[in-house]
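Notes for the structure review
One-letter residues, chain by chain:
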Amino acid sequence: MRDGWISGGVGFELAPAEWKELAAAANPDEQERRLLAIAAQALDVALRPAAPKTLKRRPPLPVLALPMLPDRLRPLLRAALKYAADARLKTRVATLVASRGFVLHPMDWMPAASYQESPDVYGPWVDWQAGADSEKQPRREHLTAETWDDFYPAARRSALVDLRRTMPALARTLIETKGASEPAEVRLALIELMRFGLSADDVPFLKSLSADRSGKVREMAGRLLARLGERGNPTDGGSEDPTAELAAFIEEGKSGFIRRRSTYAPTKPKSQAQQARRADLFATCYFGDLVARFGRTEPDFIGAWQFGVDDGADLFLVRMVSVSGGDAAVASLADLLAAAGGRLAILALQLMLRLDGGRKRVLIRQILNDAQNLAALNMVEGAEASWLEWSDLAKGKTLSALRSAVSGDNDVTKRNAEQHLETLGFLANPMTAEKLIGEVVAAGLPPASPSLGLLRLNAALAGNPTR
C-alpha cells in the first residue's frame, strides 16, 4: 500500500480485508484517506517494536527541594549551557541558577552520577542515576548507623557534611563505625570529609588510621593530622629522613642591616633528577615537619620565604601548604600572595578550597584589579556565585581590558575576552551583569554573541535574590 501511494496509485485493493470493511462505505477519495489513517496508526502504535527485555523500570525522578526554573527563562538557560564547553562549566551554570533559588529542568541538564561537584540540591538526582540498577527507594530520614545503607552516596555525603558542620563528633563516629567496612575508595572519600569541622577532637581517630589497609587512606589521615599540628615524621634527621632531604634543598640566609632576620630560598637543583626528587619531596612531606627542621612556626616560615627565586619551588611550597599546612599558615600565605598581586596572586588559587568566603573574594578582586591573568579565573574552584559588584570592575583594569579586546581586531584576544565574560557571568551580581553587557556591546561585541549567554541569564534572574 505504501509503495502504491508513493507512486501515485491507490491502495484499496491491496489493503487487508478488515481495513477494506472499514473504508468500503466511503467514496474512492475518502477510502484512501481512511486507509492512510489506519496505516499511520498501525505503524506508529500497533506495529511498534516491543521494548528490549534488558530495559528496566526505574523509580520516578525525585522532586528537588527548589522550584524549577520558569519556562520563560529556559531559552536563556539553554543558550548558556550550549556555550559552556564542558561538564565543569555547565555545572557552574547550574550553580548560578541554584544560588537564585531554582533548579534546572532535567531535559536541559542532568548531573552525572559520578560528578560529585554538582550543587547539593541535585543530590537526589545524582543518587537516582547511581541507583539505575536498583529498585531501592531512597529514604528521607536522618543519617544514623541504622539508616546508613538506605542512603545513596550523594545523599550520604551531603548528610555527613551537614553533620560535620553541626555535630562533628556524631559524624566522626558514623565514619569510624560504618566506614571501616566500606571499600578503600569509599573509605578514602569518607575520611576526606573530615576536613569539614576538623578539630583536635579528631586526632585519636585519625591516628588510628595509621593502621588502615589502604595507603591512600593513611596518607589522607596524615595530611589531616598535619593540618592540626601533629608531627607526621618526627625522626632524627638521618639520611633516610625525606623531610631532612627536602630541607637540604632550602638555603637559610639573613637580611636587614640592624635587625637581622632569617630568609629561606630554594637552592637550584643540579640536574633534572634532583629537580624531580625535590618536586616529589614537596608533594609527600608535611609542611609542619619541614618548618620544624628550621625551628620556625608555619606563618614565620611563609613570611621568610623568598618568592620569585624559583617559580617551580614557589608552586610546590604553596601546594604543600594547601594539603598539610595549618589554618593559620593557609590564611597567612593567601593574604601574602593576594597582597603581592600579579603572578603570585595566581599561585593563591591553589589554596581556594581552604579559604573562607571573604579571602576568596579578596583574591578574585585582586586578580580582576590586575587584569594580567584573567584566564586563571577559569581554574577557580569553590567560588561563590553572584557577589561581584560593579565597583569591583569599574575601579580595576578588567573593564578597560575587555573593552579594548572586543573593539580590537585581534581574534585571539577577542576569544579570550569572551571566555572571561563567561566567568564574570557566574561571579557578577545581576546589576553588574546587566551593566557589563551594555559596556561590551557598546565597545563592539555583537549583541547576539553566545558569550553573553550566562550574563543575560544572570541579569534575567534579577528578581530572585542570592540565597
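Everything below is about the structure printed above this text.
Below, the structure is looked at part by part. On a predicted model such as this, the values are computed, not experimentally measured, just so you know. (Residues numbered from 1 in each chain as written. Predicted model: local features only at pLDDT ≥ 70, side-chain atom pairs only at ≥ 80, totals over all residues. Heavy atoms only, no water.)

1. Focus on the overall build of the protein chain
Regarding its fold elements, the protein chain presents 24 helices and two strands. For the protein chain, the C-alpha atoms occupy an extent of roughly 115 × 60 × 45 Å along the three principal directions. Expressed as a percentage of its 467 residues, the buried residues of the protein chain come to 44%. Across the protein chain, the centroid of the 60 positively charged side chains sits 3 Å from that of the 57 negatively charged ones. (Helix = DSSP H or I, 4+ residues; strand = E, 2+ residues; numbered from the N terminus. Buried < 20%, exposed > 50% of the residue type's maximum accessible area, 1.4 Å probe, protein only. Lys, Arg positive; Asp, Glu negative; His and termini not counted. Charge placed at Lys NZ, Arg CZ, Asp CG, Glu CD.)

2. Let's talk about the environment of D3
In this fold, D3 is placed in helix α1 (residues 2-6). Given a relative accessible area of 57%, D3 falls into the exposed group. In this structure the C-alpha to C-alpha distance between D3 and K395, which are 392 residues apart in sequence, comes to 73 Å.

3. Focus on the packing of helix α17 (residues 327-340) against helix α19 (residues 357-370)
With their axes 10 Å apart at the nearest point, α17 and α19 run at an angle of 20° to one another. Between α17 and α19, the crossing angle belongs to the class labelled roughly parallel. Crossing geometry of α17 relative to α19 is assigned as left-handed. Judged by residue contacts, A331, A334, D335 and A338 of α17 engage R359, V362, L363 and Q366 from α19. Grouping the amino acids of the contact of α17 with α19 by side-chain chemistry returns five nonpolar, one polar and two charged. (Axes fitted to C-alpha atoms, helices over the stretch in contact; angles between N-to-C directions. Parallel < 35°, antiparallel > 145°, perpendicular 65-115°, else oblique. Left-handed = near helix turned anticlockwise from the far one by under 90°. Contact = heavy atoms within 4.5 Å. Nonpolar A, V, L, I, M, F, W, Y, C, P; charged D, E, K, R; others polar.)

4. Description of the nonpolar core
Judged by nonpolar contacts, the single largest core of 95 residues is most densely connected at Y122, F287, F301, W305, L363, I364 and L436. In contact with L363, not counting residues within four places along its chain, are A338, A345, A348, L349, M352 and L355. Ranked by size, the runner-up nonpolar core spans 23 residues in total, among them L163, M194, L209 and A221. (Core = buried A, V, L, I, M, F, W, Y, C linked by side-chain atoms within 4.5 Å.)

5. Examining unusual backbone geometry
Phi at A371 takes a positive value of approximately 60°, unusual for a residue other than glycine. Topologically, A371 is positioned in the loop between α19 and α20 (390-394). Phi at S386 takes a positive value of approximately 65°, unusual for a residue other than glycine. Among the secondary structure elements, S386 is positioned in the loop between α19 and α20.

6. Remarks on the environment of L452
Relative to the elements of secondary structure, L452 occurs in the loop between α23 (430-443) and α24 (453-460). Measuring from C-alpha to C-alpha, the distance between L452 and P111 comes to 23 Å, with 341 residues separating the pair along the chain. The residues touching L452, leaving out its near neighbours within four places in the chain, are L421, I437, V440, V441, L445, P446 and P447.

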